[in-house]
Amino acid sequence: MSVLAAACGAPGRCYRQNMMNANEIVGFGNRKTPFYLYDMRLLSRTLDEIVRLSSDYGIEVHYAVKANANVPVLRRISSKGLGADCVSGNEILFALENGFPAGKTVFSGVGKTDREIELAISKGVFSINCESLPEIRVVNEIASGMGKKANVSVRINPDIDAHTHKYITTGLEENKFGISRYEFEELVKTLGECESIDFNGLHFHIGSQITDVADVFALECRRAAEIVSWFESKGLEIRNINLGGGLGIDYEEPQKHPVPDFAAWMRTIARTLPRKEGVRVHIEPGRSVVAQCGILCTRVLYVKEGQKKTFLITDAGMNDLIRPALYGAYHKIRNITAEAENRSGEKVYDVVGPVCESSDVWGEDRTLPASRRGDLLAICSAGAYGQVMASRYNLRDLAEAEYID
Ligand code: LLP
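Residues numbered from 1 in each chain as written. Predicted model: local features only at pLDDT ≥ 70, side-chain atom pairs only at ≥ 80, totals over all residues. Heavy atoms only, no water.

1. Here we look at the overall build of the protein
- The helix and strand inventory of the protein stands at 13 helices and 16 strands.
- What you see for the protein is a C-alpha radius of gyration of 22 Å, in line with the 22 Å of a compact globule of 405 residues.
- Sorting the 405 residues of the protein into buried and exposed places 57% on the buried side.
- Within the protein, counting contacts between residues at least 6 apart in sequence, those at least 24 apart form 72% of the total.
- Surface exposure of the protein reaches about 17200 Å², of which carbon and sulfur atoms provide 48%.
- Mean positive and mean negative side-chain charge positions of the protein (48 and 53 charges, respectively) differ by 4 Å. (Helix = DSSP H or I, 4+ residues; strand = E, 2+ residues; numbered from the N terminus. Rg over C-alpha atoms; globule rule 2.2 N^0.38 Å. Buried < 20%, exposed > 50% of the residue type's maximum accessible area, 1.4 Å probe, protein only. Contact = heavy atoms within 4.5 Å. Areas by Shrake-Rupley, 256 points an atom, 1.4 Å probe, with all protein chains shown as cover. Lys, Arg positive; Asp, Glu negative; His and termini not counted. Charge placed at Lys NZ, Arg CZ, Asp CG, Glu CD.)

This is how it looks when you write it as structure tokens:
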């Protein structure tokens, strides 16, 4: 156990004093809002925890670049030795430019273009995770045309309910991802015919923001084991089992759980997934690595007294962070200025953005310190799927990033 973890006991509780505090955040007060602020100290500590557990349990970790692709974030993650999980040609190029080796890079996605496949083969990525039979044939053709062999894993749809939001559940038969059981016989035949493919294993990913860690991931492991055995019985050698990402984080109380429970996840895998000698196990966390390290800082533009509600109207909107509008996602809101001033008194607000859409709402009926025009608010847990999903809707400027190191 690392010195830090030993000193603190259970992971997830010990880093509270290291979270960004109000005074530090207020230090950025003159900056143009909205902006994202990343706590690189927390990112490093999260990574140290991941690296320690990954070595204890012998699990290889590929960071899902889609969660946050800012250069300092990618460099910090690659510097700790993690691999990358990419879903586009541009993500592959960016990951390689920012320190991830091709030999630790995996490439997933249901709709890879021919150019992206060519790029992945020419860079020699660790595996192209194929999601359909037609894709396997196209990868084979392209590799053959290049006079090369493509490293291929096959993404399986294990038909498991991840108990998460329907927009981020991926492992059910009705989802577009992976190859389903009824195609397995055909898959074995296809792999046998593809001479330019070096088949290296199976890939699974059942969904995101999974909080029912022990149950859902144990189910995934048991299903994976059963599917691995089936393929082995057909004479295929499964050298790699990739279980994807999905570990959930605490959006309600980020300060209490700044480091997600990687220990529970990896322990569940180690206990539930039987492993033959030499078989490598991989995971692809995204959100759990970066979400708690980032906040979206925004100012109160107006305090508007409605007949039924009091609104705090902020200068950040759904174009800066789309999760509440898209998934109805909860993000904790802090009034940083009020915290720094130790302001007394609380009120209930609807906190809303400026965009002309009724879904541009940060939170309804939130109890916050009595707030004023100009106060700096933090929308918490915004480090994952925040900046990467931002748009210029309404021709608004993109929020920039600041880092505390
Ligand atoms: N591997 C694959 C194949 C994936 O599709 C994903 C995420 C991950 C790994 C990483 O999953 P994570 O550890 O981050 O849960 N925009 C949504 C999340 C979409 C996740 C898509 N796939 C959100 O804001 O909640």
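From this point, things continue past the structure.
2. Examining the site of the ligand
- Residues in contact with the ligand amount to 19 residues; listed here are only the nearest, Ser208, Glu284, Arg323, Tyr327 and Tyr385.
- One of the side-chain nitrogen or oxygen atoms of aspartate 85 is found 3.2 Å away from a nitrogen atom of the ligand.
- Protein coverage of the free-state accessible area of the ligand, which is 590 Å², stands at 92%.
- Of the residues assigned to the shell around the ligand, the class counts are six nonpolar, seven polar and six charged.
- When residues are assigned to domains, the shell around the ligand turns out to be shared by domain 1 (3–38 + 292–404) and domain 2 (108–285), each giving three or more. (Near = heavy atom within 4 Å. Polar contact = N/O pair within 3.5 Å; in protein donor to acceptor, adjacent residues only side chain to side chain. Nonpolar A, V, L, I, M, F, W, Y, C, P; charged D, E, K, R; others polar. Domains from an automatic or database assignment.)

3. Side note on the environment of threonine 33
- Looking at the secondary structure, you find threonine 33 in the loop between α2 (22–26) and β1 (35–39).
- Considering only alpha carbons, one finds threonine 33 and tryptophan 230, 197 residues apart in sequence, at a separation of 55 Å.
- A distance of 2.5 Å separates a polar atom in the side chain of threonine 33 from a polar atom in the side chain of aspartate 315.

4. Some points on the domain arrangement of the protein
- When the domains of the protein are assigned, the result is domain 1 (3–38 + 292–404) and domain 2 (108–285).
- Each of domain 1 and domain 2 was reduced to a C-alpha centroid, and the two centroids are 34 Å apart.

5. A few points about the pairing of strand β7 (residues 197–203)
- The buried fraction of β7 amounts to six of the seven residues, a majority that puts the element mostly inside the structure.
- With six bridges connecting them, strand β6 (residues 150–155) and β7 associate as parallel partners. Across the sheet, the residue bridging to valine 154 is leucine 202, located in β7.
- With three bridges connecting them, β7 and strand β8 (residues 240–242) associate as parallel partners. Within β8, the position partnered with glycine 201 by the bridge is asparagine 240.
- Taking the sense of rotation as the criterion, the β-α-β connection linking β7, helix α9 (residues 213–233) and β8 turns out right-handed. (Pairing = 2+ DSSP bridges. Right-handed = clockwise from strand over helix to strand, strands pointing away.)

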